[in-house]
Amino acid sequence: MTAGAGAVAALGAGPAAAATAADVFTADEAGGLVDSVLVVGEERLLLIDAQFTVPNAQRLADVIAATGKTLETIFITHYHPDHHLGLSVLMERFPDARPVAHASVQPALAGAAQAMLDSMKAALPPELFGETAVIPEALAGDALELEGERFDILGPMHGDTEVITPVHLPQLDTLVGSDVLYQDSHLWTAENLTEAQLDQWRASLDDLEALGAGTVVPGHRTESSANDASVYAHMRQYLDAWETALAQGGSADELKAAMIAAVGELPGELFLNRGVAAARR
């Protein structure tokens, strides 16, 4: 089952797991089509990624509150603002939750989160964002825990940016791929403009696919997208198309046209526009 924009899909769990479900909340397109994953325990919750805009973070907070369970930990997978600027909303609603990031990610968040928030408020309607960026703490290890259950943090891996930390939930047969993976959407390619960078991204895909997870949650997807291994074909097709289009040269308009011809009209056009602008600046 997949979630509509701003909705939640329950992905289920094996009967022996202490965690009972991994529920996916998907933002609307104005919120970047971001996926947040709520790992549900008997009494407590673990959230992976915190949304971008206030409206989507508020809807996510309502979902969390409706469970009647305690939000214990909020894990941020990487420094891109669409995955953490919603933290201020969540911390206001759940002040006892602990926001954390892997030690490979936390310094970038500490150094850039407030500047990212200020930039977003200058470029977009300021009411979409809170007043102050929340800086997660650095984790000491390479795992998350919920009610005694351990979930491995993978990587760091190269995806749409250099350092991303997906999470493997083998007890739930689930992989939270974050922005190593997109489904049925344009990709944020602005930080992947060379053959070497694209090869690194493909290597990350190989590593994630080798885990064999039945449920695969990307960092971004459309409301009707599947959460499964079909994501890898979409990713490889898109990265191949981007590499080919970059090599052909031409203007920004020609680069964008080549991509649309190769992959079709997809949601997330802003991602494509930013990639084209970075490649042809």
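Here the focus is the pattern of salt bridges. Considering all chains together, one arrives at 13 salt bridges under this definition. The partner of Arg 236 in a salt bridge is Asp 206, with the nearest N and O atoms 2.8 Å apart. You can see Arg 236 sitting in helix α5 (residues 231–247) and its partner Asp 206 sitting in helix α4 (residues 195–209), a full 30 residues away along the chain. The closest approach of N and O atoms between Glu 209 and Arg 236, which form a salt bridge, is 2.8 Å. With a gap of 27 residues between them, Glu 209 in helix α4 and Arg 236 in helix α5 connect regions that are remote in the sequence. In this structure, a network of salt bridges that share partners links the residues Asp 199, Arg 202, Asp 240 and Glu 243.

Looking now at the packing of helix α6 (residues 252–263) against helix α7 (residues 269–279). The N-to-C vectors of α6 and α7 enclose an angle of 135°; their axes lie 9 Å apart at closest approach. Relative to α7, the element α6 is oriented oblique. The two elements α6 and α7 meet at a crossing, and its hand is right-handed. Every residue of α7 that contacts α6 at Ala 252, Leu 255, Lys 256, Met 259 and Ile 260 is listed here: Glu 269, Leu 272, Asn 273, Val 276 and Ala 279.

Within the secondary structure layout, His 158 lies in the loop between β9 (149–153) and β10 (167–169). For His 158, the side chain forms a polar contact with the side chain of Asn 192, separated by 2.6 Å. Looking at His 158, its side chain comes within polar contact range of the main-chain oxygen of Gln 197, at 3.4 Å. Here His 158 is in contact with Val 180, Asn 192, Gln 197, Gln 200, Trp 201 and Ser 204, once residues within four sequence places are set aside.

Under the definition given, this model contains three aromatic pairs. Residues Trp 188 and Phe 271 carry aromatic rings whose centres are separated by 6.5 Å and whose planes lie at 75° to one another, so their mutual orientation is edge-to-face. Highlighted residues: Trp 188 in the loop between β11 (174–183) and α4 and Phe 271 in helix α7, separated in sequence by 83 residues. Across the pair, exposure class does not vary: Trp 188 and Phe 271 are buried alike. One aromatic cluster is present, formed by Tyr 182, Trp 188 and Phe 271 through successive ring pairs.

With that out of the way, let us pick up the pairing of strand β12 (residues 215–221). Here β12 lies mainly inside the structure; seven of its seven residues are buried. As judged from the six bridges shared by β11 and β12, these two strands associate in the parallel manner. Paired with Thr 174 across the strands is Thr 215, a residue of β12.

A separate point is helix α3 (residues 106–123). Its 18 residues place the ends of α3 25 Å apart at the C-alpha level, agreeing with the 26 Å of an ideal helix rising 1.5 Å per residue. Where α3 bends most, at Ala 112, the angle is about 50°. For α3, the set of buried residues is Gln 106, Leu 109, Ala 112, Ala 113, Met 116, Leu 117, Met 120 and Lys 121.

This part covers the sheet that holds β9. Strand order in this open sheet of five strands is β8-β9-β10-β11-β12, and the pairing throughout is mixed. Each edge of the open sheet is held by one strand with a lone partner, namely β8 (143–146) and β12. Within the sheet, the average angular offset between the axes of one strand and its neighbour, ignoring direction, is 35°. Where β9 lies against β10, two bridges are found, and the strand directions are antiparallel. Within β10, the residue paired with Asp 152 across the bridge is His 168. The sheet strands contacting α5 are β11 and β12, and the helix crosses β11 at an angle near 25°.

Inspection of the secondary structure assignment puts Gly 155 in the loop between β9 and β10. For Gly 155, a relative accessible area of 46% puts it in the partly exposed group. Spatially, the C-alpha atom of Gly 155 lies 8.8 Å from that of Ser 204, the residues being 49 residues apart in sequence.

Cut-offs used in this document
- Residues numbered from 1 in each chain as written.
- Predicted model: local features only at pLDDT ≥ 70, side-chain atom pairs only at ≥ 80, totals over all residues.
- Heavy atoms only, no water.
- Salt bridge = Lys/Arg side-chain N within 4 Å of Asp/Glu carboxyl O.
- Helix = DSSP H or I, 4+ residues; strand = E, 2+ residues; numbered from the N terminus.
- Axes fitted to C-alpha atoms, helices over the stretch in contact; angles between N-to-C directions.
- Parallel < 35°, antiparallel > 145°, perpendicular 65-115°, else oblique.
- Left-handed = near helix turned anticlockwise from the far one by under 90°.
- Contact = heavy atoms within 4.5 Å.
- Polar contact = N/O pair within 3.5 Å; in protein donor to acceptor, adjacent residues only side chain to side chain.
- Phe/Tyr/Trp six-rings, centres within 6.5 Å; stacked < 30°, edge-to-face > 60°.
- Buried < 20%, exposed > 50% of the residue type's maximum accessible area, 1.4 Å probe, protein only.
- Pairing = 2+ DSSP bridges.
- Expected span 1.5 Å × (residues − 1).
- Bend = angle between axes of the 7 residues up to and from the residue.

So far we have only geometry, and geometry alone does not tell us how the molecule works.
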